[in-house]
Amino acid sequence: MGIYPALATVFIPLLLLIIPSGLPKVIFSRLRDFSSLVYKRRYLSILIPVLAAILFFAFRNEFLNYDGRTLASKFTRDIPSHGAHVTHDEMWELCIHSWFWYYTNLLFGWSVKLSYQVISSLAGGVFVYLLARYTRILFRKDFLPVLLLVLCGGYAQLFFGDVENYTLTAVLIMGYMLSSLLYIKERTSIMLPSALFAIAVTFHLLSFFLLPSLIYLAFLSFRRGEKVAVLVSALASCAIMVLTLLFFDWYCLPLKQLWYQSHALGHGGHIRMMLTRPSWGYFLGLFNLSMLLAPAWLLLIPLLLKRRIQLDGINMHLLLASCSMAVFFLGWRATLGVYEDWNLYANAAIPLQLLIFRNLFQVAREGKAEYVVLMPAWLFFLNSYSWIISNHFYQAG
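What counts, and where the lines are drawn
- Residues numbered from 1 in each chain as written.
- Predicted model: local features only at pLDDT ≥ 70, side-chain atom pairs only at ≥ 80, totals over all residues.
- Heavy atoms only, no water.
- Helix = DSSP H or I, 4+ residues; strand = E, 2+ residues; numbered from the N terminus.
- Rg over C-alpha atoms; globule rule 2.2 N^0.38 Å.
- Buried < 20%, exposed > 50% of the residue type's maximum accessible area, 1.4 Å probe, protein only.
- Contact = heavy atoms within 4.5 Å.
- Areas by Shrake-Rupley, 256 points an atom, 1.4 Å probe, with all protein chains shown as cover.
- Lys, Arg positive; Asp, Glu negative; His and termini not counted.
- Charge placed at Lys NZ, Arg CZ, Asp CG, Glu CD.
- Core = buried A, V, L, I, M, F, W, Y, C linked by side-chain atoms within 4.5 Å.
- Salt bridge = Lys/Arg side-chain N within 4 Å of Asp/Glu carboxyl O.
- Expected span 1.5 Å × (residues − 1).
- Phe/Tyr/Trp six-rings, centres within 6.5 Å; stacked < 30°, edge-to-face > 60°.
- Lys NZ or Arg CZ within 6 Å of the ring centre and 35° of its normal.

Chemist: Is there a simple way to explain the overall build of the protein in this structure?
Modeler: Within the protein, the secondary structure is distributed over 19 helices and 0 strands. Relative to the globule expectation of 21 Å for 397 residues, the C-alpha radius of gyration of the protein, 21 Å, shows essentially globular dimensions. By principal-axis analysis of the C-alpha atoms, the protein measures approximately 65 × 60 × 50 Å. Counting every position in the protein, which comprises 397 residues, the buried fraction comes to 51%. Here the contacts in the protein between residues at least 6 apart in sequence split such that 78% fall between residues at least 24 apart. Total accessible area on the protein is roughly 18900 Å²; 69% of this is exposed by carbon and sulfur atoms. Separation of charge centres in the protein, based on 30 positive and 18 negative side chains, amounts to 10 Å.

Here you go:
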């Protein structure tokens with residue numbers, strides 16, 4: 001963090017001590033008025049994701065970790081000979097990026113870095129659209145404040161042109177969360193979230209950690225007497241994953257490489273190598289990273305202590321998704337180092353942000369707390385986005 005963002009982070013919140021006490025409420029009231037306008041005029045709901053994608057690309061990330069720096073050599077090596085550069089851990093994610101770079105390089109001379117930045121920013125626009133749909137269902141005319149609150153986290157740097165293989169996965173995870181919400185509200189079949197879960201797994205295997213939340217949906221389906229739908233959706237999900245493996249076995253990625261070259265299988269069964277090796281230094285690094293990716297997790301503590309999280313269907317789904325992703329965050333080792341591998345863990349923030357701000361805004365909306373309760377989001381925004389903006393101006397030595 002630079003000196004000016006650091007000073008802003010420290011001193012701007014102090015203004016709350018001298019400004020009128022009702023100002024936070026006025027700000028949120030004006031934001032709710034604008035949200036109501038956007039809710040009524042559908043074209044604005046499309047315009048916001050478009051503007052978001054433009055903003056993401058304008059402030060695109062110029063910092064590349066080790067994996068990002070090696071992508072150019074891997075693409076130029078594998079695409080001419082195999083048709084794509086693909087691994088079993090991130091099959092469709094890498095394949096789509098490979099194809100996109102190949103054709104944009106052929107037509108426009110784009111570099112691997114630029115092709116990633118473009119597709120990641122566009123994916124960010126789709127993510128914002130899906131998030132808007134999610135918050136509209138829950139809060140209707142008040143959806144925009146919640147949408148902005150959910151985006152107050154450094155995990156959003158995925159969409160600022162990140163040169164890695166997690167952005168398309170993030171879009172699918174958000175699609176899974178939206179379809180799960182629709183299923184809980186009985187607006188769609190369980191087949192939709194099941195299919196999106198399976199597709200997300202074929203994009204990146206980290207999505208598999210969302211399985212407990214899908215099992216919860218299956219439990220709801222059994223309670224609703226939809227046993228056939230559960231069986232069909234399970235078979236369809238398995239079919240999606242198996243057919244993907246068979247396609248890549250035929251195309252460019254032999255199945256025999258799965259056991260020895262997949263991180264998820266420990267490169268031949270050495271799973272312990274991929275798991276966290278506990279140490280104070282490592283967990284301190286994870287704590288610092290959590291304060292960049294999703295600092296709002298601190299608000300989960302008072303919400304739980306005050307019993308403000310009701311165990312309804314939506315919260316149960318979000319809790320299971322958040323907890324299983326927390327297991328991934330704490331248990332899966334960052335082989336490049338905690339900060340170099342920040343994007344590996346970024347998707348874990350998505351269900352957590354939805355859980356926290358769904359309940360925090362609900363509390364404020366019911367009059368059980370003043371809008372000033374939501375003002376810590378300002379600190380979270382400064383903390384995370386100063387990191388994002390500083391990475392935009394990053395210059396490799």
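Read on, since the account is not over.
Chemist: Is there a simple way to think about the nonpolar core in this case?
Modeler: Of all hydrophobic cores here, the largest spans 98 residues; its most connected members are Tyr-134 and Tyr-345. If one sorts the elements of this core by residue count, helix α8 (residues 167–184) sits on top with 13 residues. Excluding residues within four positions of it along the chain, Tyr-134 makes contact with Met-174, Met-177, Leu-178, Leu-181, Ile-314, Leu-318 and Leu-354.

Chemist: Just checking my understanding: could you explain the pattern of salt bridges for this structure?
Modeler: When the charged atoms of two side chains with opposite charge come close together, those side chains can pair. Taken as a whole and judged by the stated rule, the model has 4 salt bridges. The residue Arg-60 makes a salt bridge to Glu-62 at a minimum N-O spacing of 3.9 Å. Each of Arg-60, Glu-62 and Lys-113 takes part in one network of salt bridges that share partners.

Chemist: What am I meant to see in helix α10 (residues 211–223) here?
Modeler: Note: α-helices contain 3.6 residues per turn, so residues at a spacing of three or four share the same orientation. Taking 1.5 Å as the rise per residue, α10 with 13 residues should run 18 Å; its terminal C-alpha atoms sit 19 Å apart, in good agreement. Within α10, the full set of buried residues consists of Ser-213, Leu-214, Tyr-216, Leu-217, Ala-218, Leu-220 and Ser-221. Tucked inside the fold, the buried residues of α10 contact α8, α9 (191–203), α11 (227–251) and α16 (313–331). Looking one or two residues beyond α10, the residue adopting positive phi is Gly-225, at roughly 75°.

Chemist: How should I be thinking about the packing of aromatic side chains in this particular structure?
Modeler: Centre distance and the angle of the planes are the two values used to describe a pair of aromatic rings. Throughout the structure, instances matching the rule amount to 30 aromatic pairs. Considering the side-chain rings of Phe-75 and Trp-101, the 6.1 Å spacing of their centres and the 50° angle between planes classify their relative orientation as tilted. Linking Phe-75 in helix α4 (residues 66–82) with Trp-101 in helix α5 (residues 91–108), this pair joins segments that are 26 residues apart in sequence. Each ring, one from Phe-247 and one from Trp-250, has its centre 5.8 Å from the other, and the planes form 50°; the classification is tilted. Of this pair, Phe-247 and Trp-250 both sit in helix α11, 3 residues apart, which is roughly one turn of that helix. Among the residues examined, Phe-247 registers a relative accessible area of 26% and is labelled partly exposed. Using a relative accessible area of 64% as the deciding quantity, one classes Trp-250 as exposed. One aromatic cluster in this structure is built from Phe-56, Phe-127, Tyr-155, Phe-159, Phe-160, Phe-381 and Tyr-385. Positioned over the ring face of Phe-57 is Arg-60, at 4.2 Å from the centre of the ring. It is Arg-136 that lies over the ring of Phe-143; its NZ or CZ is 5.4 Å from the centre.

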